[in-house]
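Each chain is listed here by its residues.
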Amino acid sequence: MARRGKKKGRPISGWLILDKPVGMGSTEAVSKIKWLFQAEKAGHAGTLDPLASGMLPIALGEATKTVPYVQDGAKIYRFTVAWGQERSTDDLEGPVTKESDLRPSEAEVLALLPKYTGVIMQTPPQFSAIKIAGERAYDLARDGATVDIPAREIEIGCLDVVEHGADHTVFEVECGKGTYVRSLARDMGRDMGCFGHISELRRVEVEPFTSEDFVTIAELEAARFGVVEGNADATDIADATEAADATEAAGAAEAPIDFDAIDALLVDTSAALDCLPQIAISDDAATKIRLGNPVIIRGRDAPVEAEEACATARGKLVAIGAIEQGMFKPKRVFAG
């Protein structure tokens, strides 16, 4: 019997800025989005814990080539620290390891903020994806091991108090790559002798994307299954999803689907490269670059040198490359 070939999916490209719900893991979210779009390739730019909600940028197709630029972007989180308990995971998931009857005043919390602003050293949580001797720290921690994780340099742009209560404080932080918000809660609690852990966490922004780009699972499902916005029926969507799953499991050919509505929810791949110099090139130059050839950059305002730049033709992304002595040398090429 001939083996049935695995479906490759559609060569769709772009960024989907998912408003991830609490309880869904990042890998699960990527699989869901890949299935909804029937995409050939998908990946995310920065893990978001299952207990956290908010922005999870998911790259489809050619956009996966731009993931590192989004991962390096600044992030904004809004989070609540519950005072009085430290937990093994530094959030609600783990058991309590330390307790205190002390509760900080708002003045005490505000006085502590300068210590956590700017370039600081931070030790990641025991339950983190940091690799220790080739193994993930969270795997070692789950086995009961106490892991010696070295502190590393991070940058906090700003840290503000949004609300202060008797036993909790709500913060908003703008931070750079590699920052663990759970570690902030743990360390602030230790500094004030009252202990603390994250009780709620939401990622609001991942540069260059903002909350205006948010798309929910419900909006995606409504678009995917042709439900009129504002009249989405959860039962109808569930039935359509179940039918599609059954069709795929049976290996039967799926009926043609109009993907226009769901594709319209994507952000263009080039949006991830706003941080780079933008070079407009001709169609002829774009053809040469896509073949891996360097081209001369023309125009009075074109930079002579740049370690990285983004070349576009008629507004479409062509390549990322370096500009040396007035020539654009492609490093990563995008399909036309």
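Fair warning: this is a prediction, and the values are worked out from it, not measured in the lab.

Thresholds, definitions, all that
- Residues numbered from 1 in each chain as written.
- Predicted model: local features only at pLDDT ≥ 70, side-chain atom pairs only at ≥ 80, totals over all residues.
- Heavy atoms only, no water.
- Helix = DSSP H or I, 4+ residues; strand = E, 2+ residues; numbered from the N terminus.
- Buried < 20%, exposed > 50% of the residue type's maximum accessible area, 1.4 Å probe, protein only.
- Contact = heavy atoms within 4.5 Å.
- Areas by Shrake-Rupley, 256 points an atom, 1.4 Å probe, with all protein chains shown as cover.
- Pairing = 2+ DSSP bridges.
- Expected span 1.5 Å × (residues − 1).
- Core = buried A, V, L, I, M, F, W, Y, C linked by side-chain atoms within 4.5 Å.
- Polar contact = N/O pair within 3.5 Å; in protein donor to acceptor, adjacent residues only side chain to side chain.
- 1 Å grid on protein atoms, 1.4 Å probe; cavity = no way out; pocket = protein on both sides within 12 Å on 5 of 7 lines; lining within 4 Å.
- Points joined across faces, edges and corners; volume = space filled by probe spheres on them.
- Axes fitted to C-alpha atoms, helices over the stretch in contact; angles between N-to-C directions.
- Phe/Tyr/Trp six-rings, centres within 6.5 Å; stacked < 30°, edge-to-face > 60°.
- Parallel < 35°, antiparallel > 145°, perpendicular 65-115°, else oblique.
- Left-handed = near helix turned anticlockwise from the far one by under 90°.
- Nonpolar A, V, L, I, M, F, W, Y, C, P; charged D, E, K, R; others polar.

**Observations concerning the overall build of the chain**
When helices and strands are tallied, the chain shows nine helices and 17 strands. Evaluated residue by residue, the chain yields a buried proportion of 45% over its 336 residues. Considering only contacts in the chain between residues 6 or more positions apart, those separated by 24 or more positions represent 70%. Working note: accessible area of the chain is about 17700 Å², and carbon and sulfur atoms make up 50% of it.

**Regarding the pairing of strand 15 (residues 306-313)**
With respect to burial, strand 15 is a largely interior element, six of its eight residues being buried. For strand 15 and strand 16 (residues 316-324), the ladder comprises six bridges, and the chain directions are antiparallel. Pairing of A311 across the sheet is with A319, part of strand 16. In this antiparallel pair of consecutive strands, strand 15 and strand 16, the connection spans two residues, and R314 shows a positive phi of 55°.

**Examining helix 1 (residues 26-37)**
Helix length check: helix 1 (twelve residues) gives 17 Å between terminal C-alpha atoms against 16 Å at 1.5 Å per residue, within 8%. Following helix 1 by one or two positions, Q38 adopts a phi angle in the positive range, close to 50°.

**Side note on the nonpolar core**
Note on soluble globular proteins: their nonpolar side chains tend to be buried together. With 45 residues, the main nonpolar core has I33 and F79 as its most contacted residues. Among the elements that take part in this core, helix 1 stands out by supplying six residues, more than any other. For I33, the residues in contact, after removing those within four places along its chain, are L16, L18, I58, L60, I217 and L220. Counting residues in each nonpolar core, the second largest holds 15 residues, with I289, V295, A309 and I323 among its members.

**Some details on helix 5 (residues 181-191)**
The buried fraction of helix 5 is high, at nine of eleven residues. Those residues of helix 5 lying buried are V181, R182, S183, L184, A185, R186, D187, M188 and G189. Remark: G193 follows helix 5 within two positions and exhibits a positive phi of approximately 70°.

**Side note on the side chain of E86**
Note that E86 resides in strand 5 (residues 85-87). A distance of 2.7 Å separates polar atoms of two side chains, one belonging to E86 and the other to R190. Ignoring any residue separated from it by four or fewer positions in sequence, one finds E86 in contact with P95, V96, T97, K98, R186, R190, F195 and G196.

**A short note on the layout of surface pockets**
Of the volumes computed, that of the largest pocket is approximately 1100 Å³. As for the largest pocket, its lining consists of 36 residues, of which T47, L48, D49, A129 and Y180 are closest to the centre. Those elements giving two or more residues to the lining of the largest pocket turn out to be helix 1, strand 4 (75-83), helix 4 (137-142), helix 5 and strand 12 (196-206).

**What to know about the sheet that holds strand 13 (residues 278-280)**
With respect to topology, five strands assemble into an open sheet ordered 13-15-16-17-14, the strand pairing being mixed. Edge positions in the sheet fall to strand 13 and strand 14 (295-296), since each of these pairs with one other strand and no more. Running at roughly 75° to strand 16, helix 9 (residues 283-290) makes contact with strand 14, strand 15, strand 16 and strand 17 (327-333) of the sheet.

**What to know about the packing of aromatic side chains**
Here the structure, examined in full by the defined rule, presents three aromatic pairs. Relative to F209, the ring of W15 has its centre 5.6 Å away and its plane inclined at 50°; by these criteria the two rings are tilted. Taken as a pair, W15 in strand 1 (residues 14-20) and F209 in the loop between strand 12 and helix 6 (217-224) lie far apart in primary sequence, 194 residues in all. Of the two residues examined, W15 and F209, each falls in the buried class.

**Digging into the packing of helix 1 against helix 6**
Across the interface, helix 1 lies against helix 6 with an axial gap of 10 Å and an inter-helix angle of 20°. Accordingly, the angle class assigned to the pair helix 1 and helix 6 is roughly parallel. Judged by the sense of rotation from one axis to the other, the crossing of helix 1 with helix 6 is left-handed. Every residue of helix 6 that contacts helix 1 at K32, I33, W35, L36 and F37 is listed here: I217, L220, E221 and R224. Considering only residue class, the contact of helix 1 with helix 6 consists of six nonpolar, no polar and three charged.

**Remarks on the environment of G193**
You can see G193 is positioned in the loop between helix 5 and strand 12. Residues G193 and R103, spaced 90 residues apart in sequence, show a C-alpha to C-alpha distance of 8.7 Å. Beyond its immediate sequence surroundings of up to four residues, G193 is in contact with S100 and L102.

Geometry only, nothing functional implied.
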